[in-house]
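# Examination of the molecular architecture
Here are the chains, one letter per residue:
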Amino acid sequence: MTREELVAKIRTLAKDVYKGRLKADVAAAEYDELTKFPELKKVIVDLLTADFDYFLASIDWVAPRPTTFRINLKNGQDFYLIYTPKTFIAQIEGKKYYLLNINELQNATNAISRILRYGGKTEEPVEGGTPAEIPATEPAAETDTTT
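Just so it is clear, the structure is predicted and the values come from calculations on it, not from any experiment.

## Quick look at the overall build of the chain
Scanning the chain from N- to C-terminus turns up 4 helices and 5 strands. Ordered by position from the N terminus, the helices and strands of the chain form the series α-α-α-β-β-β-β-β-α. Counting the 147 residues in the chain, one finds 27% classified as buried. Look at the contacts in the chain between residues 6 or more apart in sequence, and 32% of them connect residues 24 or more apart. Roughly 11,300 Å² of accessible area belongs to the chain as shown, and the carbon and sulfur atoms make up 54% of that amount.

So this is what it looks like as structure tokens:
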């Protein structure tokens, strides 16, 4: 690899990283908690990538001490992020993940992925804009068993 190729590759990668940060900053402006707590934004981006806005419905600040946030997902599921002086703790489906450890961060992202998969479904639009009508069927005629 020549020096010019290396410089071009670094420039390309730097643009991609910078674009992801800008996207996260724009999306974070919609959530008050992410502007008040910048550490929370970093954790959300670590868990859900810079495209977190596609998955988050809202963020609720539920307890002042220890500072606890409920992360509501668009599919109706939620999980909690608890702030400690050293790190955040993610509580997903009752299990706690200490996000200071890389393997637990990966396990937390896998758990979030799992709850995103099996959460509630949204209705897909039907051709024509209205749901298709299902023909009603009549119940089977009852037979008289008394003789």
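## Some details on the environment of Phe69
With respect to the helices and strands, the residue Phe69 is situated in strand β2 (residues 68-73). In the structure, Phe69 is positioned 36 residues away from Glu33 in sequence and 8.8 Å away in space, judged by C-alpha atoms.

## Digging into the packing of helix α3 (residues 38-48) against helix α4 (residues 102-118)
Interhelical geometry of α3 versus α4 gives an angle of 70° and a closest axis separation of 9 Å. The angle between the axes of α3 and α4 places the two elements in the roughly perpendicular class. Contacts between α3 and α4 involve Asp46, Leu47 and Leu48 from the first element and Leu105, Ala108, Thr109, Ile112 and Leu116 from the second. The class makeup of the residues in the contact of α3 with α4 is 6 nonpolar, 1 polar and 1 charged.

## Some points on a nonpolar patch on the surface
There is a patch of nonpolar side chains on the surface, built from Met1, Leu6 and Ile10 and spanning about 340 Å² of accessible area. With respect to the secondary-structure elements, Leu6 resides in helix α1 (residues 3-28).

## Notes on the sheet that holds strand β1 (residues 56-63)
Read across the open sheet, the 5 strands follow the order β1-β2-β3-β4-β5; overall the sheet is antiparallel. Taken across any chain shown, the strands that pair with only one partner, and hence form the sheet edges, are β1 and β5 (95-98). Between one strand and the next, the sheet's axes are offset by a mean angle of 25°, whatever the strand orientation. Two elements, strand β4 (residues 88-92) and β5, share 4 bridges in a ladder whose sense is antiparallel. For Gln91, the partnering residue across the bridge sits in β5 and is Lys96. The strands touched by α3 within the sheet are β1, β2, β3 (78-83) and β4, with β3 carrying the most contacts at an inclination of about 135°.

## Some remarks on α3
Think of an α-helix as turning once every 3.6 residues; residues three or four places apart then point the same way. When we look at burial in α3, the residues that qualify are Leu40, Val43, Ile44, Leu47 and Leu48. Axial view of α3: buried residues confined to an arc of 110°, hence all on one face. Of the exposed residues in α3, the ones pointing more than 90 degrees away from its buried face are Pro38 and Lys42.

## Regarding the environment of Leu105
Within the secondary structure layout, Leu105 lies in helix α4. Taking C-alpha positions, Leu105 is 8.3 Å from Asp46, a pair spaced 59 residues apart along the chain. Contact partners of Leu105, with chain neighbours within four places excluded, come to Asp46, Leu47 and Leu99.

Thresholds applied
- Going along each chain's sequence as written, the residues are numbered from 1 onward.
- A pLDDT threshold of at least 70 governs which residues receive local features in this predicted model, and a stricter bar of 80 or more applies before side-chain atom pairs are shown or counted, although totals over entire chains, interfaces and linings include all residues.
- The basis for the side-chain values is all heavy atoms of the structure; hydrogens and waters are excluded.
- In this description a helix means any DSSP run of H or I spanning at least four residues, a strand means any run of E spanning at least two, and both kinds are numbered starting from the N terminus.
- Summary of the burial criterion: residues with accessible area below 20% of their type's maximum are buried, those above 50% are exposed, and those between are partly exposed, where the area comes from a 1.4 Å probe applied to protein chains only.
- Whether two residues are in contact is decided by their heavy atoms, any of which lying within 4.5 Å being enough.
- In this description, accessible areas are obtained by the Shrake-Rupley approach with a 1.4 Å probe, and a residue is regarded as covered only by the protein chains that are shown.
- In this analysis, axes come from line fits to C-alpha atoms, helices being fitted only over the stretch in contact, and the angle between any two N-to-C directions falls in the range 0 to 180 degrees.
- Our angle categories are set so that under 35 degrees counts as roughly parallel, over 145 as roughly antiparallel, 65 to 115 as roughly perpendicular, and the remainder as oblique.
- Here the nonpolar group is Ala, Val, Leu, Ile, Met, Phe, Trp, Tyr, Cys and Pro; Asp, Glu, Lys and Arg are the charged ones; every other residue, Gly included, is treated as polar.
- Like-charged residues within 9 Å of one another, or nonpolar side chains (Val, Leu, Ile, Met, Phe, Trp, Tyr) within 5 Å, are grouped into patches, provided each residue has over 30% relative accessible area and no salt bridge.
- Salt bridge criterion: a side-chain nitrogen from Lys or Arg within 4 Å of a carboxyl oxygen from Asp or Glu.
- Two strands pair if DSSP finds at least two bridges between them.
- The arc in question is the one traced by the directions running from the helix axis out to the C-beta atoms.

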